[in-house]
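The lines below spell out each chain.
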Amino acid sequence: MNCQGKTHIGLVREINQDAYEIHPLPDGGMLAVVCDGMGGPAGGEVASTMSVELISKDIVSGYTTFLSENELLELVRDAIGEANTRVFEYSMRDLELAGMGTTVVLALATEQTAYLANVGDSRAYLYSCHNGQHKLTQITHDHSVVQELVDGGSLSSEEARNHPKKNIITRALGTQSSVNIDYFKVALVPGDKLLLCSDGLSNMLEEQQICALLQKPDAAKAVDALIEASLDAGANDNVTAVLISR
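Remember, it's a predicted structure, so these values are computed and weren't measured experimentally. (Residues numbered from 1 in each chain as written. Predicted model: local features only at pLDDT ≥ 70, side-chain atom pairs only at ≥ 80, totals over all residues. Heavy atoms only, no water.)

A few words now on the side chain of Asp-192. Counting through the fold element by element, Asp-192 comes out in the loop between β8 (182–187) and β9 (193–197). Of the side chains bearing the opposite charge, Arg-246 lies closest to the buried Asp-192, which forms no salt bridge; the N-O distance is 6.9 Å. In terms of polar contacts, Asp-192 uses its side chain to reach the backbone amide nitrogen of Val-189, at 3.0 Å. If we ignore the near neighbours within four places in the chain, the residues touching Asp-192 are Leu-126, Tyr-127, Ser-128, His-130, Ala-187, Ile-244, Ser-245 and Arg-246. (Helix = DSSP H or I, 4+ residues; strand = E, 2+ residues; numbered from the N terminus. Buried < 20%, exposed > 50% of the residue type's maximum accessible area, 1.4 Å probe, protein only. Lys, Arg positive; Asp, Glu negative; His and termini not counted. Salt bridge = Lys/Arg side-chain N within 4 Å of Asp/Glu carboxyl O. Polar contact = N/O pair within 3.5 Å; in protein donor to acceptor, adjacent residues only side chain to side chain. Contact = heavy atoms within 4.5 Å.)

Here you go:
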């Protein structure tokens, strides 16, 4: 199992508030975590960096080969919950960091299964190719004002892409004393790829573009191509992509 990642400040922002980490697991699996900070230049960077480090450390230290599915989910839940508490408490002690928070999307992938979790609007996609058919499926569900409008039927997916409230999220890590996390389980077969990304990528590229770029057999080149395509499209936010290849 291969994993490649890259982050870029983009073409507009002065600070990169995205952060990611990749960690191989003892049984050949992989952990990847992506966070996109919010709450002012200092706060967003602190929140995302803290969260990536804390979540990764807790999961890697608690992971063993023979954990059951329930134990894996508990490990992920506890790691995100602890990071939420630490970021929230830190923001309460420093007025300059008040209100800071971050999205998080993570994947804990084994040879046959991936366990995913998210808070906010950073996304996970599954790319698959079977019988010559290339397919990209969004696994996570955005926690955002615009997504709620789409879910309620008052806004189309096409209208949502350029909506003025596009960047307002309804759920974040570190902004409150507790956090509500969504979980997903995905079966993996040889050739599948999991893409984790911040909204700086998903807001810039159509799914057809992402799917086409993920057809590149080399994971590092695919990640580079995703970043470059986002920059070519204007990259008005930080851009991060992490790709796990089965």
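Once you've had a look at it, read on.
This part takes up the pattern of salt bridges. Inspection of the entire model under this criterion finds seven salt bridges. Among the salt bridges present, the one from Arg-246 reaches Glu-111, with a minimum N-O distance of 3.1 Å. Taken together, the residues span a long stretch of sequence, with Arg-246 in the segment after β10 (239–245) and Glu-111 in the loop between β4 (101–109) and β5 (113–119) at a distance of 135 residues. Relative accessible area serves as the criterion here: at 35%, Glu-111 is assigned to the partly exposed category.

Strand order across the open sheet formed by five strands is β2-β3-β4-β5-β8, with antiparallel pairing between neighbours. Single-partner strands in this sheet number two, and they are β2 (18–24) and β8. Along the sheet, successive strands turn relative to each other by an average axial angle of 10°, direction set aside. By the bridge criterion, six bridges tie β5 to β8 in an arrangement that is antiparallel. Within β8, the residue paired with Tyr-115 across the bridge is Lys-185. Helix-sheet contacts for helix α1 (residues 40–62) involve β2, β3 (30–38) and β4, and the interaxial angle to β3 is about 160°. Together, β4, β5 and β8 form the strand contacts of helix α2 (residues 69–93), whose direction differs from that of β5 by roughly 30°. (Pairing = 2+ DSSP bridges. Axes fitted to C-alpha atoms, helices over the stretch in contact; angles between N-to-C directions.)

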